[in-house]
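These are the residues of each chain, in order.
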Amino acid sequence: MSKDPAQPIKTANQRGAARLAAVQALYQMDIGGTGVLEVVAEYEEHRLGQELDGDTYLKADPSWFRAIVAGVVRDQLKIDPVIGASLLDGWPLSRIDSTLRAILRAGTFEILDRKDVPVAVIVTEYVEIAQAFFEGEEPKIVNAVLDRIAKQVRGEKK
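The following refers to the structure shown. Since the model is a prediction, treat every value here as computed from it, not as a measurement.

A look at the layout of surface pockets
Its volume calculated, the largest pocket comes out at about 240 Å³. Sorting elements by how many residues they give to the lining of the largest pocket places helix α6 (residues 138-154) first, with 5 residues. Residues of the lining of the largest pocket, tallied by class, amount to 8 nonpolar, no polar and 4 charged.

Right under this line is the structure:
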């Protein structure tokens, strides 16, 4: 069955857009040393659902965005060791690409903190974000690491 061309293309859900924006904000904070309040204000004022330099950003759930960014910053000392323990031996978190690190931190935060969100949703959304940034093995790494963490923390898998 082929898709009906008259059907509108499904846009990203607002939580998915908030997850993507949170990963971008975490990356920006990691690379540029920007503070959490500054980056959240910038995204809410200029990016979430806005147009910037000719690019229109997806409408995102601002409270979900804030919760992820603030939660990762607040709980980073708890999150990073969980990720580190789920990586292959010999791969410290510091050696991982900054974008991949932001994806793993955001996904791990949700697994640890948002018990109301099914693991399958969290893992799938962050794998899709990884696919938007990477063409190599990174989406598989995100899938494997978040799945390991979910089994550890929640006793369930995707």
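Considering the packing of helix α3 (residues 62-86) against helix α4 (residues 98-113)
Where α3 meets α4, the axes come as close as 7 Å, and the angle between the chain directions of the two elements is 95 degrees. In terms of their interaxial angle, α3 and α4 are classed as roughly perpendicular. Of the residues that constitute the contact of α3 with α4, the class distribution is 11 nonpolar, 3 polar and 7 charged.

Side note on the packing of helix α1 (residues 14-32) against α4
The contact between α1 and α4 brings their axes to 8 Å, and the two run at 125 degrees. Comparing their axes, α4 and α1 come out oblique. Both α1 and α4 take part in a crossing whose hand is right-handed. Residues Arg19, Val23, Leu26, Tyr27, Asp30 and Ile31 of α1 pack against Ser98, Thr99, Arg101, Ala102, Ile103, Arg105, Ala106 and Glu110 of α4. Of the residues contributing to the contact of α1 with α4, the split by class is 7 nonpolar, 2 polar and 5 charged.

Parameters at a glance
- Residues numbered from 1 in each chain as written.
- Predicted model: local features only at pLDDT ≥ 70, side-chain atom pairs only at ≥ 80, totals over all residues.
- Heavy atoms only, no water.
- 1 Å grid on protein atoms, 1.4 Å probe; cavity = no way out; pocket = protein on both sides within 12 Å on 5 of 7 lines; lining within 4 Å.
- Points joined across faces, edges and corners; volume = space filled by probe spheres on them.
- Helix = DSSP H or I, 4+ residues; strand = E, 2+ residues; numbered from the N terminus.
- Nonpolar A, V, L, I, M, F, W, Y, C, P; charged D, E, K, R; others polar.
- Axes fitted to C-alpha atoms, helices over the stretch in contact; angles between N-to-C directions.
- Parallel < 35°, antiparallel > 145°, perpendicular 65-115°, else oblique.
- Left-handed = near helix turned anticlockwise from the far one by under 90°.
- Contact = heavy atoms within 4.5 Å.

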